[in-house]
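# Examining the three-dimensional arrangement
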Amino acid sequence: MSDHQSNDETVLPDGGDVPRETVSIPTEIELPRLLDFYELQDPEHTQIHEFYENLRDGRFTTTECRECGELHFPPRIVCPECTSDDLEYVDLPHEGEMYSFTEVRGTSAIGMNGDTPFVAGVVDLGPIRLSARVDDASYEDLEIGSAVRLKIVEVDGPTDQDRVFYRFTPV
Ligand SMILES: [Zn+2]
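Predicted model, so just to flag it, every value in this text is computed and none were measured.

## Focus on the overall build of the chain
- Broken down by element type, the chain carries one helix and seven strands.
- Sequence-ordered secondary structure for the chain, helices as α and strands as β, is α-β-β-β-β-β-β-β.
- Within the span of the chain, comprising 171 residues, buried residues form 15% of the whole.
- At a minimum sequence separation of 6, the contacts of the chain that also span at least 24 residues come to 49%.

What follows is the structure, encoded as structure tokens:
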């Protein structure tokens, strides 16, 4: 219980002082490069190209620091723990379990709206936890602890590069 006291001196705004601006929405949206960063998988564009090359070969890897032993995800070029750049790629398990998840129903990133609904969540692989999309399952199909395994997604277009990315799928 609390007493609500009215303040007679409060003056409510009438809207006349609110700044106004007109913005326009383009009828067609060209995908900005920043929203399609997966095309940047080759040595010319990214220093973690080895991650993508390994993934294309069916290996799920990440960097481990030779200096302090820290395991990173996503892969790094410099250890965030000790700033060493003496890193090596090591294999990660391909199976893990759902640590948390949600279902994207409304909209997602520009250019992906037609893909909803889909499940996204945090997968616990043991050595690391990572966020990923989960295919072939609805929100109702999954529980915390549900077993999932790696799935490699080959991205077709819009560039000529052979691109890959990872998702997970129920075991
Ligand atoms: Zn380190």
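## Concerning the nonpolar core
- In this structure, Leu-92, Met-98, Phe-101, Val-119, Val-123, Leu-125, Ala-132, Val-134, Val-148, Leu-150 and Phe-168 together form the largest nonpolar core, which totals 11 residues.
- Taken together, the elements giving at least two residues each to this core come down to strand 3 (95-104), strand 4 (118-124), strand 5 (129-134) and strand 6 (147-155).
- Setting aside residues up to four positions removed in sequence, Phe-101 forms contacts with Val-119, Ala-120, Gly-121, Val-134 and Leu-142.

## As for the confidence of the model for the chain
- For the chain, per-residue confidence averages 85 on the pLDDT scale, and 82% of positions sit at 70 or higher.
- Taken element by element, the chain is modelled with least confidence in strand 6, mean pLDDT 90, and with most confidence in strand 2 (residues 87-91), mean pLDDT 98.

## Quick word on the pairing of strand 3
- Two elements, strand 3 and strand 6, share three bridges in a ladder whose sense is antiparallel. Looking across to strand 6, one finds that Glu-95 is bridged to Arg-149.
- The pairing of strand 3 with strand 4 spans seven bridges and is antiparallel. For Glu-103, the partnering residue across the bridge sits in strand 4 and is Val-119.

## Focus: the environment of Val-123
- You can see Val-123 is positioned in strand 4.
- Sequence separation of Val-123 and Val-134 is 11 residues, and the distance between their C-alpha atoms is 9.2 Å.
- Val-123 has contacts with Gly-96, Met-98, Tyr-99, Arg-129, Leu-130, Ala-132, Val-148 and Phe-168, leaving out every residue within four places of it along the chain.

## Description of unusual backbone geometry
- Between Phe-73 and the following residue, Pro-74, the backbone shows a cis peptide bond with an omega angle of 0°.
- The topology assignment puts Pro-74 in the loop between strand 1 (61-65) and strand 2.
- Although it is not a glycine, Thr-83 sits at a positive phi angle of roughly 65°.
- Secondary-structure assignment places Thr-83 in the loop between strand 1 and strand 2.
- The exposed category is assigned to Thr-83, around which 10 C-beta atoms lie within 10 Å.
- Positive phi values are uncommon outside glycine, yet Asp-136 reaches one of about 60°.
- Positionally, Asp-136 belongs in the loop between strand 5 and strand 6.
- Asp-136 sits in the exposed class, given 12 other C-beta atoms within 10 Å.

## A few points about the environment of Val-104
- Relative to the assigned elements, Val-104 resides in strand 3.
- With 12 residues separating them in the primary sequence, Val-104 and Thr-116 have C-alpha atoms 6.3 Å apart.
- Setting aside anything within four residues of it in sequence, one finds Val-104 in contact with Thr-116, Pro-117, Phe-118 and Ala-120.

## Some details on the environment of Arg-105
- Its place among the elements puts Arg-105 in the loop between strand 3 and strand 4.
- Taking the C-alpha atoms as reference points, Arg-105 and Asp-115, separated by 10 residues in sequence, lie 9.1 Å from one another.
- Non-local contacts of Arg-105, meaning those with residues more than four positions away in its chain, are made with Thr-116 and Pro-117.

Criteria and thresholds
Note that residues are indexed from 1 along each chain, following the sequence as it is written. Whole-chain, interface and lining totals are the exception, using all residues; otherwise, since this is a predicted model, local features are given only for residues with pLDDT of at least 70 and side-chain atom pairs are given and counted only at 80 or more. Numbering of helices and strands starts at the N terminus; helices are DSSP runs of H or I of at least 4 residues and strands are runs of E of at least 2. In this scheme the burial state of a residue depends on its C-beta neighbours within 10 Å: 20 or more other such atoms mean buried, 12 or fewer mean exposed, and anything in between means partly exposed; the C-beta positions come from the backbone. We call two residues in contact whenever the C-beta atoms placed from their backbones are within 7 Å. Buried Ala, Val, Leu, Ile, Met, Phe, Trp, Tyr and Cys residues whose C-beta atoms connect them within 7 Å together make up a nonpolar core. A residue's pLDDT is the confidence the predictor assigns to it, expressed on a 0 to 100 scale. Strand pairing is assigned whenever DSSP identifies at least 2 bridges connecting the two strands.

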